[in-house]
Amino acid sequence: MSVLAVVREWHDDEGWGVVDSPEVPRACWVSFAHVRVAGYRSLRPGQPVALEWEPAEQDGFAYRALRVWPWNSEPVEPGEAPPPDGAHTSTLTLILGPDDGKSG
């Protein structure tokens, strides 16, 4: 079950931040890996978010996020949504030939 929280700080360059919620006894640590949005996973200070959390020691914090996403929206799980409009994607396909024993 998620609770309402507010982003206290976010460090895009390091991919982590801190959120606060009346439901969590102290500040809650968040990694970009826990942010459930399409595209670039980032938050901004003051942003209301939905938070799922657990008690756990993480970088000096007693609580850490399991999932965080913008309030009043649905979380987007990794691989669930296509890239947002205007994003570029690429693919690489490698086809290896038969091993004929020759090197070089």
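Above this text sits the structure in question.
Residues numbered from 1 in each chain as written. Predicted model: local features only at pLDDT ≥ 70, side-chain atom pairs only at ≥ 80, totals over all residues. Heavy atoms only, no water.

**Student:** Mind laying out the overall build of the protein, listing which residues take part and the relevant values?
**Tutor:** Broken down by element type, the protein carries zero helices and five strands. At a minimum sequence separation of 6, the contacts of the protein that also span at least 24 residues come to 49%. For the protein, the computed accessible surface area is about 7,300 Å², with 53% contributed by carbon and sulfur atoms. (Helix = DSSP H or I, 4+ residues; strand = E, 2+ residues; numbered from the N terminus. Contact = heavy atoms within 4.5 Å. Areas by Shrake-Rupley, 256 points an atom, 1.4 Å probe, with all protein chains shown as cover.)

**Student:** Let's hear about the pattern of salt bridges: which residues, and what values?
**Tutor:** Counting across every chain of the model gives five salt bridges. In this structure, the salt-bridge partner of Arg8 is Asp20, at a minimum N-O distance of 2.7 Å. Note that Arg8 is positioned in strand β1 (residues 3-11) and Asp20 in strand β2 (residues 16-20), a separation of twelve residues in sequence. A residue is classified by how much of its surface remains accessible, and Asp20, at 28% relative accessible area, is partly exposed. With its nearest N and O atoms 2.8 Å apart, the salt bridge here joins Glu52 to Arg67. Here the residue Glu52 occupies a position in strand β4 (residues 48-58), and Arg67 occupies one in strand β5 (residues 61-70), the gap between them amounting to 15 residues. In this structure Glu52 comes out as buried when scored by relative accessible area, which is 17%. (Salt bridge = Lys/Arg side-chain N within 4 Å of Asp/Glu carboxyl O. Buried < 20%, exposed > 50% of the residue type's maximum accessible area, 1.4 Å probe, protein only.)

**Student:** Give a detailed account of the side chain of Glu52, specifying residues and quantitative values.
**Tutor:** Within the structure, Glu52 has its side chain in polar contact with the side chain of Arg67 (distance 2.8 Å). Non-local contacts of Glu52, meaning those with residues more than four positions away in its chain, are made with Met1, Ser2, Ala65, Leu66, Arg67 and Trp69. (Polar contact = N/O pair within 3.5 Å; in protein donor to acceptor, adjacent residues only side chain to side chain.)

**Student:** Pulling in residues and values, what's your account of unusual backbone geometry?
**Tutor:** The backbone of Asp59 shows a phi angle near 50°, a positive value even though the residue is not glycine. When you line up the elements, Asp59 lands in the loop between β4 and β5. Its relative accessible area of 57% is what places Asp59 among the exposed residues. Positioned with a positive phi, Asn72 is a non-glycine residue whose angle comes to about 60°.

**Student:** Account for the pairing of strand β3 (residues 28-31), naming residues and giving values.
**Tutor:** Residues Cys28 and Val30 line one face of β3 and the alternating positions Trp29 and Ser31 line the opposite face, and both faces are buried. Sheet topology places β2 next to β3; four bridges connect them, and they run antiparallel. Within β3, the position partnered with Val19 by the bridge is Cys28. Here two bridges tie β3 to β5, and the two strands are oriented parallel to one another. Note on β5: the bridge partner recorded for Trp29 is Arg64. (Pairing = 2+ DSSP bridges.)

In short, shape yes, function no, at least from these values alone.
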